[in-house]
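# Understanding the architecture of this molecule
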Amino acid sequence: MVAIIDYDAGNLKSVEKALHKLGEDAVITRERNIIQNADKVILPGVGSFGVAMEQLKRYELDQVIQEIVAADKPFLGICLGLQLLFEGSEESGGVAGLGLLSGNICRIPDSEGLKIPHIGWNCLTLQNEGRLFQGISDQAYVYFVHSYYLHADNAQIVKAVTEYGVQIHVSIEQGNVFACQFHPEKSSTVGLQILKNFIQLTGGA
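Residues numbered from 1 in each chain as written. Predicted model: local features only at pLDDT ≥ 70, side-chain atom pairs only at ≥ 80, totals over all residues. Heavy atoms only, no water.

Moving on, we get to helix H1 (residues 12-21). Within the span of H1, buried status applies to Leu12, Val15, Glu16, Ala18 and Leu19. Seen along its axis, H1 keeps its buried residues to an arc of 160 degrees; they face one direction. Exposed side of H1, more than 90 degrees from the buried face: Lys13, Lys17 and Lys21 are the residues found there. Contacts made by the buried residues of H1 are with strand E1 (2-5), strand E2 (26-29), strand E3 (40-43), strand E4 (75-78) and helix H6 (188-199). Backbone geometry just downstream of H1 places Gly23 in the positive-phi region, at approximately 80 degrees. (Buried < 20%, exposed > 50% of the residue type's maximum accessible area, 1.4 Å probe, protein only. Helix = DSSP H or I, 4+ residues; strand = E, 2+ residues; numbered from the N terminus. Arc of directions from axis to C-beta. Contact = heavy atoms within 4.5 Å.)

Turning next to the side chain of Thr162. Within the fold, Thr162 resides in strand E10 (residues 158-163). In terms of polar contacts, Thr162 uses its side chain to reach the backbone carbonyl oxygen of Cys123, at 2.7 Å. In contact with Thr162, other than residues within four places in its own chain, are Asn122, Cys123, Phe144, Gln167, Ile168 and Val170. (Polar contact = N/O pair within 3.5 Å; in protein donor to acceptor, adjacent residues only side chain to side chain.)

Looking now at the side chain of Ser187. Structurally, Ser187 is set in the loop between strand E12 (177-180) and H6. The residues contacting Ser187, other than those within four sequence positions of it, are Trp121, Val142, Tyr143 and Phe182.

Evaluation of the coordinates by the stated rule reveals 6 salt bridges. The partner of Glu16 in a salt bridge is Lys13, with the nearest N and O atoms 2.8 Å apart. In this pair, Glu16 and Lys13 are both assigned in helix H1, 3 residues apart and thus about one turn of the helix distant. Arg131 is the salt-bridge partner of Glu173, the closest N and O atoms lying 3.8 Å from each other. Of this pair, Glu173 sits in strand E11 (residues 167-174) while Arg131 sits in the loop between strand E7 (125-126) and strand E8 (141-146), and the two are 42 residues apart along the sequence. Under the relative-accessibility criterion, Glu173 is labelled buried at 7%. Classification of Arg131 as partly exposed rests on a relative accessible area of 28%. Residues joined by salt bridges that share partners form a network here, namely Asp6, Asp8 and Arg30. (Salt bridge = Lys/Arg side-chain N within 4 Å of Asp/Glu carboxyl O.)

Let us look at the packing of aromatic side chains. Taken as a whole and judged by the stated rule, the model has 4 aromatic pairs. Both rings, one in Phe133 and one in Phe182, keep their centres 6.5 Å apart while their planes meet at 50 degrees; by these two values the pair is tilted. Taken together, the positions of Phe133 in the loop between E7 and E8 and Phe182 in the loop between E12 and H6 put the pair 49 residues apart, joining distant regions of the chain. Look at Phe144 and Phe182: their rings are 5.9 Å apart centre to centre, the planes differ by 70 degrees, and that puts the pair in the edge-to-face class. Note that Phe144 is positioned in strand E8 and Phe182 in the loop between E12 and H6, a separation of 38 residues in sequence. (Phe/Tyr/Trp six-rings, centres within 6.5 Å; stacked < 30°, edge-to-face > 60°.)

In structure tokens:
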């Protein structure tokens, strides 16, 4: 069973629907026991970094996430869920993130001809043999909706990048922690394969 963490963020139902399409038992929940007993845990989300951290703390889900990661259970952050894994974001100065990974969440720089937020399909350049990308071709297209992007401190954890005015680290893996800036649940067959690869993981590092 996959637990989808409910912290009043958007986009939870589309993740649940994609998992059900794959035949996976999935539940949207903020109950500590259900999350802890799940086989896998997903933190999706769209919205503001600061508001999201406030909600995670309100429901004490920040503590649950720390416990899940420490227990070596496969954990996947999606979109805002990726950004929350890091120390903070330019979007919400002074608001501490979960601090599970090291890197900077920055606003996509203004560039002529590029709209912000970045909404649409971009291709992935794969690197460092990401487990989420088994069976995925290099330069496959996935769907994005975001105004802020990750630059990870450790290049080895970066498994995919894309270009949108700047190079964006769009997928990371470190031990049992996985994350995608793009939306696999909205990325057609490529995204479903990525979710399937996550479901089939057997452990962390």
